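Here's the letter readout for the chains.
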Amino acid sequence: MKQKLLFVIATILCFGLFTSSVQATDSNKEYDEEVYKEEVIPGKVIAIIKDEYETLETSGGDYIQKVQVLKVKLTKGKEKGKLIEVYNTVDGIMANSFDAKVGDELYVGIERDEEGNILQGHITNVKRDKYLIYLVIAFILLTIIVGGIKGVKTLFTLGITIVGVYYMLRGIINGQNPVVTSILVSIVVTIITMFVIGGFNKKAIAAIAGTLSGVIIAGTISLVIGYYANLSGLETSESQMLLYSTESMHLDFKGILFASILLGTLGAVMDVCMSISSSIKELKDNNPLMTVGQLFKSGMNIGKDVMGTMSNTLILAYAGTSMCLMLLFMVNDMTLVDIVNMELISTEIVRALAGTIGLIISIPITAIVAALMAKGDYNKV
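Residues numbered from 1 in each chain as written. Predicted model: local features only at pLDDT ≥ 70, side-chain atom pairs only at ≥ 80, totals over all residues. Heavy atoms only, no water.

1. A short note on the pattern of salt bridges
Short version of the rule: We define a salt bridge as a side-chain nitrogen of Lys or Arg found within 4 Å of a carboxyl oxygen belonging to Asp or Glu. Each residue's exposure class comes from its accessible area (1.4 Å probe, protein chains only) as a fraction of the maximum for that residue type: buried when under 20%, exposed when over 50%, partly exposed otherwise. Think of it this way: any DSSP run of H or I at least four residues long counts as a helix, any run of E at least two long counts as a strand, and we number them from the N terminus.
Under the defined criterion, the tally for this structure stands at nine salt bridges. Of the charged contacts in the structure, one is a salt bridge between Lys101 and Asp104, with a shortest N-O distance of 4.0 Å. On the accessibility criterion, Asp104 (18% relative accessible area) is buried. With a shortest N-O distance of 2.5 Å, Lys130 and Glu105 are connected by a salt bridge. Remark: Glu105 occurs in strand S4 (residues 105–112) and Lys130 occurs in helix H2 (residues 129–147); sequence separation between them is 25 residues. Judged by relative accessible area, Glu105 falls into the partly exposed class, the value being 24%.

So, in structure tokens, the structure goes:
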């Protein structure tokens, strides 16, 4: 009991030190950004004043677009209930085009005159947040109803993970090393998750050992291969936008790539390691005469079955997010050699395979640690 209390205190202190370190602001920033915030107010379309197609003459030929003038009722703020005209252009080739209809809820960017009176507005975004809130509520309720106390623990660990990721991002922005910060986040999140879900016992300790080993190996592989393959971490449009938005901050994009691979691998590896460790515990409880070798062999057999599905999970997760890109390659009849040598694709291959290798290596590590620990009382540290 004393050891358990000491470890819980140590874990809390570790998380406290981590959060305080990444909260520290960088007082030596040498840039002064002027941030412009547009006034945005939620509203609802109550009528469509104009809904017509217009032809524009351009150097490339005639261009047809749809122009809407909407009557929108503001639904929040000191001017709640006020009716304003909102202009909207619908362009079929623009990703953010929105064809408004009566009853649609949206966010309106307000334009005012010198006296502060509203002149007109334009659509900045569709109001989607309330539907996402409904989805979150449904997720929370179902998790609690189906999982009971385990569901509550799941939500708690999910909250810890979200907080850890948030502070990692804040730490990177404030000048923290992405490699060190991501490793620290992985350690804290893994320890808390395993002990909350699995209990304070050797089962959780074995799962922690396997998880951290697999994740760190995956990260190490990504660093080594990334170095020799000259991966810059700037393969996506988002990373390039971040580079130009933070020129004075000197972010380590290779380190950020490492951090993203660690986080992408962590969840799957935790799942596999806890499954193996829990299975070995059940085998030992039901047959105390099993030897370390027998427990290890059983854990490996279980791990091999899980490995097949989890490897597919990691590969399919990355493939699913790149569906349009793969279709683009096929449409343009690009060769396999051209495709794999693109930095964007090389990075995704390294991300997927490094994560899968870390997952595979975590299986024997978890199995041997869990089997060795099973020689004692599994429910006590």
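2. Some remarks on helix H7 (residues 253–286)
We count it as follows: Each residue after the first adds 1.5 Å to the expected span of a helix. To get the bend at a residue, fit one axis to the 7 residues ending there and another to the 7 starting there, then take the angle between the axes. We call two N or O atoms a polar contact when they sit within 3.5 Å, provided that within protein one can donate a hydrogen and the other can accept it, with sequence-adjacent residues counted only if both atoms are side-chain atoms.
With 34 residues, H7 should reach 50 Å at 1.5 Å per residue; the first-to-last C-alpha distance of 50 Å fits that figure. In H7, a bend of some 35° at Leu266 exceeds every other bend along the element. Between a side-chain oxygen at the N-terminus of H7 and the backbone nitrogen of Lys254 the separation is 3.3 Å; the capping residue is Asp252.

3. Notes on the pairing of strand S3 (residues 83–90)
Threshold: Pairing between strands requires that DSSP locate at least two bridges from one strand to the other.
What you see with S3 is a clean split: Ile84, Val86, Asn88 and Val90 sit on the buried side and Leu83, Glu85, Tyr87 and Thr89 on the side with no burial. Summarising the sheet, S3 and strand S5 (residues 118–126) pair through two bridges and their orientation is parallel. For Tyr87, the partnering residue across the bridge sits in S5 and is His122.

4. Thoughts on the packing of aromatic side chains
Spelled out, the test is: By convention, a stacked pair of Phe, Tyr or Trp rings (six-membered ring in the case of Trp) has centres within 6.5 Å and planes under 30 degrees apart, an edge-to-face pair has planes over 60 apart, and any other such pair is tilted.
Enumeration according to the criterion identifies four aromatic pairs in this entry. Taking 6.2 Å as the distance between ring centres and 85° as the angle between the ring planes, the aromatic pair formed by Tyr131 and Tyr134 counts as edge-to-face. With Tyr131 and Tyr134 both in helix H2, this residue pair falls three residues apart, about one helical turn. What makes Tyr131 partly exposed here is its relative accessible area of 49%. Aromatic side chains Tyr227 and Tyr228 sit 5.1 Å apart centroid to centroid with 80° between the ring planes, which places their arrangement in the edge-to-face category. Just as Tyr227 is exposed, Tyr228 falls in that class too.

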